Structures are given as C-alpha cells and as structure tokens.
Amino acid sequence: MINPTPTPPAADASHGASGRGTPAVAASGISKSFGKVRAVDGIDLTIDQGEIVAFLGPNGAGKTTTIDMLLGLSHPDTGTVQVFGRSPRGAIAHGLVSAVLQTGGLLKDITVRETLQLTASLFADARPVDEVMSRAGISSIASRRVGVCSGGQQQRLRFAMALLSDPGLLILDEPTTGMDVEGRRSFWSSIRADAARGRTVLFATHYLDEADEYADRIVLMARGRIVADGTTTEIKNIVSGRVVHATLPGADAAALAALPGVDGVDTKGDRISLHTKDSDAVARHLLTQTAARDLEITAQNLESVFLALTADTESDASSLTGTSTSPARTADEGALS
C-alpha cells in the first residue's frame with residue numbers, strides 16, 4: 001500500500017486536487033531504460049477523473065515500470081508525469097493517491113483492525129476504520145491476526161488501508177492474486193461500488209475477464225509501448241475475423257496454422273481455436289478433412305486481440321488468458337514487467 005506521508009488527505013477524494021477538468025493522470029513522452037533494456041518507450045497516457053482503466057500486457061511489456069513512475073517510485077528518463085496536476089510524489093503527499101500492491105506492507109503479528117488503526121494514525125484526517133473495513137468487506141475478520149489471513153483477505157486489507165486517506169486515484173497492481181473466483185467477484189463488487197463515488201481506478205491484471213467485465217477503458221502495452229487504447233468494444237474491433245473452436249484430439253497445430261486465412265492457432269488439451277478471416281472455409285475443412293467435432297464459430301474476444309497485438313513478444317499467454325498457445329505465437333519472456 002503506497003501512501004506513506006502523514007500529511008492531510010484531500011477533503012473529497014472524488015473531486016481530486018484541482019477540479020474535475022484536471023486529468024487524474026497525464027503522462028507525456030515518458031520512457032525508462034535499465035541498462036540496454038528499454039522498459040518504457042516514449043508513451044503518452046491521459047486518464048480522466050472517475051475512469052476505471054485496465055492496464056494489460058504480457059510479461060516484459062512495461063506495465064509495472066509505468067506504474068512505478070506514476071507513483072513516483074522511479075523517475076522517467078524522458079518525458080513528464082503529473083497526477084491531478086502535481087508531481088506524483090506531491091499528489092501522494094496530499095493524500096490523493098494510494099496503491100494496492102501484490103506483496104509487502106503488512107505486519108503479521110497484529111490484527112486487521114490494529115493494522116488499520118496504525119495506518120490511520122499517519123494521517124491528520126483519515127476515514128473511520130470501521131467504514132473502510134466495511135467497504136473492503138473485512139469487518140468480520142477485524143480481530144484476526146494478519147499472519148493467519150488468507151492471501152485474498154490480505155489483499156482486501158491492503159485495499160482498506162488504501163481507502164483510509166480517501167484518495168482520488170487508486171492504483172491496483174494484480175489486486176486479486178491469491179483469490180478464488182468468488183473472492184475475485186466480491187472484491188470487484190467492492191471496487192465498483194467505491195468507484196461509483198467518483199474515484200479514479202487504474203489496475204493491472206493478468207485476468208482478461210476482469211478487464212473485460214470491470215473496466216471502462218483498456219490500455220494494452222507491448223514492447224514498452226501502448227499498442228491499443230479504448231473501450232472494450234473498441235479494442236475487440238481492432239482485430240477482424242472470427243474464431244473457430246472445435247474438439248480435435250491430436251491436432252497438428254502447425255498444419256492448421258498453414259491453412260489459408262488462418263492467422264493463429266491456440267490449443268488447450270483437445271480443444272483448438274483457429275483465428276481466421278474465412279471462418280466458413282476453415283469450418284468446412286475441419287468437418288470434411290479432420291475428425292473435429294463440437295465446432296463453434298464466435299466473434300473475436302479480448303483474448304484474441306491480446307494475442308494478436310502482443311504475439312511477437314508474448315512468452316506466457318497462459319498466465320493472462322488460461323490458454324496455451326502454439327509455439328509460433330510465443331517468444332522469450334522479457335526481463336521486466
């Protein structure tokens with residue numbers, strides 16, 4: 001949880017520091033290199049107040065490096081970053097930004113309530129502890145020691161800690177890691193209810209279904225650059241064609257990928273998915289030339305767009321989509337995320 005400065009937070013986080021006309025995030029031409037590795041390559045990013053934005057990309061795309069610069073944890077080599085019209089550290093110092101990270105920031109031997117009381121003591125004007133526990137859905141475990149809380153419960157605690165200063169911008173880095181399906185759904189219900197108050201939310205996730213269901217807007221990074229930016233519908237419309245799904249035991253992915261009009265082949269056990277501009281021809285081939293069954297034709301989805309736009313750097317599509325990809329669609333994993 002990032003928000004370590006004991007200065008007073010904003011009186012009304014939903015209105016930011018400079019009025020509704022000031023973007024929550026305004027990054028212009030920012031880049032960052034680590035030795036010979038260019039992690040972020042001159043990106044521009046503007047996020048308006050009240051937006052819920054999903055930040056997607058394969059390992060090595062530059063997501064975490066970008067988030068670090070938005071939080072003032074590192075400085076761009078080139079370009080500028082402003083948060084509510086201030087420097088990132090200035091915005092954090094005024095209680096306008098909080099972050100929920102994957103690990104760290106928790107003392108294992110004190111209770112959930114004591115953790116929040118300790119964190120609240122850092123601020124001159126914090127939200128009531130009972131209120132943030134209720135909004136994070138952890139009131140029932142208030143007396144539980146942090147060390148015996150599950151990973152999902154600890155993430156909810158981090159969320160509650162982030163709400164104490166009533167920030168205008170909430171940044172979530174893989175917030176549902178360690179949660180089961182029901183836990184993820186409940187967590188996002190809490191986030192959506194909180195965002196309805198006017199808070200801006202930027203979240204990075206490896207779960208494409210979370211981005212599809214909960215984001216107003218998706219920003220997709222690859223190779224250190226933003227390769228797509230828009231609503232879920234706009235992102236899906238980037239890639240033309242359809243996807244032909246079928247059950248085909250022992251499928252020859254290379255042979256299927258060589259069929260006319262096929263752009264890519266994904267496999268998961270006996271189930272195959274062929275991305276194609278000529279779904280009728282592909283379906284005809286599968287039904288007449290192979291033992292395929294249970295055939296289905298669907299429009300492109302977010303997973304299809306993700307694979308199409310990041311294919312030449314993606315090393316672990318399964319970590320984001322739950323789908324195994326053919327060797328032709330993978331590459332060595334980047335050193336930075």
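Residues numbered from 1 in each chain as written. Predicted model: local features only at pLDDT ≥ 70, side-chain atom pairs only at ≥ 80, totals over all residues. Heavy atoms only, no water.

Caption draft 1: Structural view of the pairing of strand S2 (residues 37–47). As paired strands, strand S1 (residues 25–34) and S2 are joined by seven bridges and run antiparallel to one another. Across the sheet, Ala26 pairs through a bridge with Thr46, a residue of S2. In this structure, the hairpin formed by S1 and S2 is closed by a connection of two residues, where Gly35 is found at a positive phi of approximately 65°. (Pairing = 2+ DSSP bridges. Helix = DSSP H or I, 4+ residues; strand = E, 2+ residues; numbered from the N terminus.)

Caption draft 2: The sheet that holds S1, seen in detail. Strand order in the open sheet formed by three strands is S2-S1-S4, with antiparallel pairing between adjacent strands. If you trace the sheet from one side to the other, it starts and ends with S2 and strand S4 (78–83), each paired once. For this sheet, the mean inter-axis angle between neighbouring strands, taken without regard to orientation, is 25°. Direction of pairing for S1 relative to S4: antiparallel, over a ladder of five bridges. Of the residues in S4, the one forming a bridge with Ser28 is Thr80. Packing of helix H1 (residues 63–70) onto the sheet brings it into contact with S1, S2 and S4, and relative to S1 it is tilted by some 120°. (Axes fitted to C-alpha atoms, helices over the stretch in contact; angles between N-to-C directions. Contact = heavy atoms within 4.5 Å.)

Caption draft 3: A look at the sheet that holds strand S9 (residues 225–230). Taken in spatial order, the six strands line up as S5-S6-S7-S3-S8-S9 in an open sheet, and their pairing is mixed. The open sheet has two free edges, formed respectively by strand S5 (97–100) and S9, since each of these has just one partner strand. Averaged over all neighbouring strand pairs, the angle between strand axes comes to 15°, with direction disregarded. Sheet topology note: the S5/strand S6 (residues 169–173) ladder contains four bridges and is parallel. By the bridge assignment, Val97 is partnered in S6 with Leu169. Sitting on the sheet, helix H5 (residues 151–163) is in contact with S5 and S6, with an inclination near 175° to S5.

Caption draft 4: Quick look at unusual backbone geometry. With a phi angle near 50°, Glu174 is a residue other than glycine that sits in the positive phi range. You can see Glu174 is positioned in the loop between S6 and helix H6 (181–195). With a relative accessible area of 6%, Glu174 lands in the buried category. The backbone of Asp294 sits at a positive phi, close to 55°, despite the residue not being glycine. Note that Asp294 resides in strand S13 (residues 293–299). Exposure remark for Asp294: the relative accessible area of 51% places this residue in the exposed category. (Buried < 20%, exposed > 50% of the residue type's maximum accessible area, 1.4 Å probe, protein only.)

Caption draft 5: Main features of the environment of Leu259. Among the structural elements, Leu259 can be located in the loop between helix H9 (253–257) and strand S11 (262–268). Separated by 23 residues in the primary sequence, Leu259 and Val282 place their C-alpha atoms 7.7 Å from one another. Not counting the four nearest positions on each side in its chain, Leu259 is found in contact with Leu274 and His285.

Function-wise, these values are silent; they only describe arrangement.
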